[in-house]
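These are the residues of each chain, in order.
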Amino acid sequence: MVLSDRDIKEAIESGLIGIDPYFEKDVQPASVDLHLDETLLIFNNSNAPYIDLKKELPDLNTKVKIQGDEPFILHPGEFVLGSTLEKIRIPNTMVARIEGKSSLGRLGLLIHSTAGFVDPGFNGNLTLELANVSRLPITLYYGMRIGQISFQNMKSPAEKPYGSPELSSRYQGQIDPTESRVFKDFENQISKKS
C-alpha cells in the first residue's frame, strides 16, 4: 500500500523514514519532492573507446559543481549523474520509488534510466541519472525540485535489507553521485570451462 501525505508525515515525525533536510511544504498527496544537489559527474567520452562492464574505469567521470545561481547546461543527448540534496533512510519494512517531476519530463528532462527503485534498508543520497531527450539545452540549478519519492509498505520486513553484509550493497551510505560499480559483478564470477 502506498503511503499518503498523512502517512508520510507520521512516518517522518516518528523517525521511521528519514529525509534530511526535510521541509513539510515538499510533501505532496502521496510523495515528497526532492531537490538537486550541487555535485554532478560528467562523462569523459574520449577517455575510453568503450565501456567494458568487467573493468573499473576510474577516469570515465569528472566531478563538477553547480556554482551558486549559475546553471549547469545539459545539452541534447547528454547524460550526467547527479544526486539528491536529501539524504534518504528507508526502513526494512518499506520500499520507495523515485520519479521525475511531470513539469520537467514535459521539457525532456529524465532523472533516471532504470534506477528508480529504492530497497528496504537504503541509507544515503540518491544518485540521479539525468538525461536530456529534448532538442534544446536544459538548465539545471542547485536546489531545484528534481523529482519525487513515494513509499510503499511491504507485507513483511526484508530478511536481508540493503546494506546487509551478504548482499555486498554497493551504494549504501553514498553522499555524492556515485559512478557505476557493475564491474564488481564479475569479480567473483566463476569462469566457464572450455
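The structure this text deals with has already been given above.
Treat the numbers as computed from the prediction; the structure is a model and nothing was measured.

For the structure shown, the criterion picks out 8 salt bridges. The residue Asp 33 makes a salt bridge to Lys 101 at a minimum N-O spacing of 2.7 Å. Here the residue Asp 33 occupies a position in strand 2 (residues 32–35), and Lys 101 occupies one in the loop between strand 7 (94–100) and helix 2 (102–105), the gap between them amounting to 68 residues. For Lys 101, a relative accessible area of 14% translates into the label buried. A salt bridge links Lys 55 to Asp 52; the nearest nitrogen and oxygen atoms lie 4.0 Å apart. Taking the relative accessible area as the measure of exposure, Lys 55 reaches 51% and is therefore exposed. By relative accessible area, Asp 52 is classed as partly exposed at 22%. Through salt bridges with shared partners, one network takes in Asp 33, Lys 101 and Arg 145.

The strand order across the open sheet formed by 4 strands is 2-12-7-9, and the pairing between neighbours is antiparallel. The open sheet has two edge strands, strand 2 and strand 9 (117–118), and neither has a second partner. Pairing between strand 7 and strand 12 (residues 145–153): 7 bridges, direction antiparallel. Bridge pairing links Met 94 to Asn 153 in strand 12.

Time to look at the nonpolar core. Counting residues in hydrophobic clusters, the biggest one holds 35 residues, and the most contacted among them are Leu 36, Leu 130, Ile 146 and Phe 151. Of all the secondary structure elements, the ones that give two or more residues to this core are helix 1 (5–14), strand 2, strand 5 (72–74), strand 6 (79–89), strand 7, strand 10 (123–132), strand 11 (138–140) and strand 12. Residues in contact with Leu 130, not counting those within four places in the same chain, are Leu 36, Leu 40, Leu 74, Glu 78, Phe 79, Val 80, Gly 82, Leu 110, Ile 111, Leu 140 and Ile 146.

Take the environment of Asn 45 next. Position of Asn 45 among the secondary structure elements: in the loop between strand 3 (39–43) and strand 4 (61–65). C-alpha of Asn 45 to C-alpha of Asn 61: the two residues are 16 residues apart in sequence and 8.7 Å apart in space.

A cluster of acidic residues, Asp 5, Asp 7, Glu 10 and Glu 13, forms a negative patch on the protein surface. Relative to the helices and strands, Asp 7 is located in helix 1.

Moving on, we get to the environment of His 75. Take His 75: it is sitting in the loop between strand 5 and strand 6. Put simply, His 75 and Ser 14 are 61 residues apart on the chain and 42 Å apart in space, counted from C-alpha to C-alpha. Excluding anything up to four places from it in sequence, His 75 contacts Asn 132 and Pro 137.

This paragraph deals with unusual backbone geometry. If a residue is not glycine, its phi is most likely negative; likewise, a peptide bond is most likely trans. Note the cis peptide between Asp 20 and Pro 21, where omega equals 0°. Within the fold, Pro 21 resides in the loop between strand 1 (18–20) and strand 2.

As a further point, take the packing of aromatic side chains. By the definition in use, this model includes 2 aromatic pairs. Both rings, one in Phe 43 and one in Phe 79, keep their centres 5.5 Å apart while their planes meet at 45°; by these two values the pair is tilted. Of this pair, Phe 43 sits in strand 3 while Phe 79 sits in strand 6, placing them 36 residues apart in sequence. You can call Phe 43 partly exposed: its relative accessible area is 25%. The class for Phe 79 is partly exposed, based on a relative accessible area of 31%. Arranged with centres 5.9 Å apart and planes meeting at 50°, the rings of Phe 122 and Tyr 162 form a pair that is tilted. Of this pair, Phe 122 sits in the loop between strand 9 and strand 10 while Tyr 162 sits in the segment after strand 12; the two residues are 40 residues apart in sequence, bridging distant segments of the chain. For the pair Phe 122 and Tyr 162, a shared accessibility class is recorded, and that class is buried.

Conventions we followed
- Residues numbered from 1 in each chain as written.
- Predicted model: local features only at pLDDT ≥ 70, side-chain atom pairs only at ≥ 80, totals over all residues.
- Heavy atoms only, no water.
- Salt bridge = Lys/Arg side-chain N within 4 Å of Asp/Glu carboxyl O.
- Helix = DSSP H or I, 4+ residues; strand = E, 2+ residues; numbered from the N terminus.
- Buried < 20%, exposed > 50% of the residue type's maximum accessible area, 1.4 Å probe, protein only.
- Pairing = 2+ DSSP bridges.
- Core = buried A, V, L, I, M, F, W, Y, C linked by side-chain atoms within 4.5 Å.
- Contact = heavy atoms within 4.5 Å.
- Patch = residues over 30% accessible without salt bridge, like charges linked within 9 Å, V, L, I, M, F, W, Y side chains within 5 Å.
- Areas by Shrake-Rupley, 256 points an atom, 1.4 Å probe, with all protein chains shown as cover.
- Lys, Arg positive; Asp, Glu negative; His and termini not counted.
- Charge placed at Lys NZ, Arg CZ, Asp CG, Glu CD.
- Phe/Tyr/Trp six-rings, centres within 6.5 Å; stacked < 30°, edge-to-face > 60°.

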